[in-house]
Amino acid sequence: ALISAGEGGPQTGTMTECFDCDNCKESLYGRKYIQMDNGPYCIPCYDAHFANTCDECKELIGHDCRVSRGPADKQVSSRGPSSSWLYSQELYYEDRHYHEHCFRCFRCDRSLADEPFTCQGEELLCNDCYCSEFSSKCVACEKTVMPGSRKLEYNGQTWHEHCFICSSCQQPIGSRSFIPDKKDYYCVPCYESKFAPRCTRCKKTLTKGGVTYRDEPWHKECFVCTGCKTPLAGQQFTSQDDNPYCIKCFGNLYAKKCSACTKPITGFGGGKYVSFEDRHWHHNCFNCARCSTSLVGKGFIPDNDEILCRDCSSDL
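Definitions and limits used
- Residues numbered from 1 in each chain as written.
- Predicted model: local features only at pLDDT ≥ 70, side-chain atom pairs only at ≥ 80, totals over all residues.
- Heavy atoms only, no water.
- Helix = DSSP H or I, 4+ residues; strand = E, 2+ residues; numbered from the N terminus.
- Buried < 20%, exposed > 50% of the residue type's maximum accessible area, 1.4 Å probe, protein only.
- Pairing = 2+ DSSP bridges.
- Contact = heavy atoms within 4.5 Å.
- Core = buried A, V, L, I, M, F, W, Y, C linked by side-chain atoms within 4.5 Å.
- Phe/Tyr/Trp six-rings, centres within 6.5 Å; stacked < 30°, edge-to-face > 60°.
- Polar contact = N/O pair within 3.5 Å; in protein donor to acceptor, adjacent residues only side chain to side chain.

**Here's the deal with the environment of Glu 115**
Phase 1 of the analysis: Relative to the assigned elements, Glu 115 resides in the loop between strand 6 (96-98) and strand 7 (117-120).
Phase 2 of the analysis: Residue classification places Glu 115 among the partly exposed residues on the basis of a relative accessible area of 30%.
Phase 3 of the analysis: In this structure, the C-alpha to C-alpha distance between Glu 115 and Arg 104, residues eleven residues apart in sequence, is 9.5 Å.

Given below as structure tokens:
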């Protein structure tokens, strides 16, 4: 409280015989003083012991500074003596104190006492200056993306959340997955409908994985043997009339049969075979019917259904 002491004593009650400044001990009769919890102070002593220094002009913020309060939501507060009477106040932000007229934007010099502001390093900036220098612009609407607003950033570019839309359905993508295509962006359903390949068998979209057969895409689960329907992805297979078959089905249905063991001659796994007239043998089955000597690369004599080496045929 700022009180003037006179002959009758302070306005708050009965004076004692000695009414002096608690610091310099000079009499307060006829002088203005400020009452603190621990006693009264003359104005010079109050300013010297309790006043803060302005962070901008570096001068004391005296008791007679204009009462003003900044916006509380931006951490600007007011402070005065800790007595029940409040007379002098100043603006402060993060332990930095300012005269009301010194609390201004570092760029445009606009007063921030009643304005929202942002601290950038050591500088206090009004919202306009901060947005102009530090905020990004939406690539869709070219307007400033205000601090604290919902936005989306991708590949060094920024959008307002409501401006980032699918190039096909024109609906905001928001937090959903999306797929870039050159300068366009698509939600997953639209991209699949517009660009994704379709399985040759089931005609449904092929989003990932799959196999290619005859330059056509297939789901792994759709690429199966034409005969037994066993999945062929990652397995050896062959084809007949453009239809894929597993080795077993192809051998049973189309392969030549060995005249010795009657099993299919598929040619897979490095298998070789010998043909004579309308008969065929695996290499390891093409042996003399009498002595079992291999006849591969050697002369042989046919004897009805048998094949004989020359030695065995000469004994006949």
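Right, picking up where we left off after that structure.
**As for the pairing of strand 19 (residues 273-276)**
Phase 1 of the analysis: Of the pairings in the sheet, the one linking strand 19 to strand 20 (residues 279-282) comprises four bridges and is antiparallel in character. Across the sheet, the residue bridging to Tyr 273 is His 282, located in strand 20.
Phase 2 of the analysis: Remark: two residues form the turn of the hairpin made by strand 19 and strand 20, two consecutive strands paired antiparallel; Glu 277 in that turn has positive phi of roughly 55 degrees.

**Quick word on helix 2 (residues 127-134)**
Phase 1 of the analysis: For helix 2, the set of buried residues is Cys 129, Tyr 130 and Cys 131.
Phase 2 of the analysis: Tucked inside the fold, the buried residues of helix 2 contact strand 7 and strand 8 (123-126).

**Focus: the nonpolar core**
Phase 1 of the analysis: Judged by nonpolar contacts, the single largest core of 16 residues is most densely connected at Phe 103, Cys 105, Leu 112, Phe 117 and Leu 124.
Phase 2 of the analysis: Elements with a minimum of two residues in this core: strand 5 (90-93), strand 8 and helix 2.
Phase 3 of the analysis: Of the residues forming this core, the biggest block, three residues, is contributed by strand 8.
Phase 4 of the analysis: Once residues within four sequence positions are removed from consideration, Leu 124 is found in contact with Tyr 93, Arg 96, Tyr 98, Phe 103, Arg 104, Cys 105, Phe 106, Leu 112, Phe 117, Thr 118 and Cys 119.
Phase 5 of the analysis: Listed in part, the 13 residues of the second largest apolar core include Trp 218, Cys 225, Leu 232 and Phe 250.

**Observations concerning the packing of aromatic side chains**
Phase 1 of the analysis: Within this structure, the stated rule accounts for 24 aromatic pairs.
Phase 2 of the analysis: Ring centres of Trp 159 and Phe 164 lie 4.8 Å apart, and the angle between their planes is 65 degrees; this geometry places the pair in the edge-to-face category.
Phase 3 of the analysis: With a centroid separation of 5.8 Å and an interplanar angle of 40 degrees, the aromatic rings of Phe 250 and Tyr 254 are classed as tilted.
Phase 4 of the analysis: An aromatic cluster is defined as three or more aromatic residues linked by ring pairs; in this entry it consists of Tyr 154, Trp 159, Phe 164, Phe 178 and Tyr 185.

**Brief notes about unusual backbone geometry**
Phase 1 of the analysis: Look at Asn 155: it is not a glycine, yet its phi comes out positive at around 55 degrees.
Phase 2 of the analysis: Summarising the element assignment, Asn 155 is placed in the loop between strand 9 (151-154) and strand 10 (157-160).
Phase 3 of the analysis: When its relative accessible area of 66% is taken as the criterion, Asn 155 is described as exposed.
Phase 4 of the analysis: For Lys 203, which is not a glycine, the phi torsion comes out positive at approximately 70 degrees.
Phase 5 of the analysis: Relative to the helices and strands, Lys 203 is located in the loop between helix 3 (188-194) and strand 13 (211-213).
Phase 6 of the analysis: On the basis of relative accessible area, Lys 203 is assigned to the exposed category, the value being 52%.

**Digging into the side chain of His 282**
Phase 1 of the analysis: Structurally, the position occupied by His 282 is in strand 20.
Phase 2 of the analysis: A distance of 3.1 Å separates a polar atom in the side chain of His 282 from the backbone oxygen of Pro 264.
Phase 3 of the analysis: With near-sequence residues (within four places) excluded, His 282 lies in contact with Cys 258, Cys 261, Lys 263, Pro 264, Ile 265, Lys 272 and Tyr 273.

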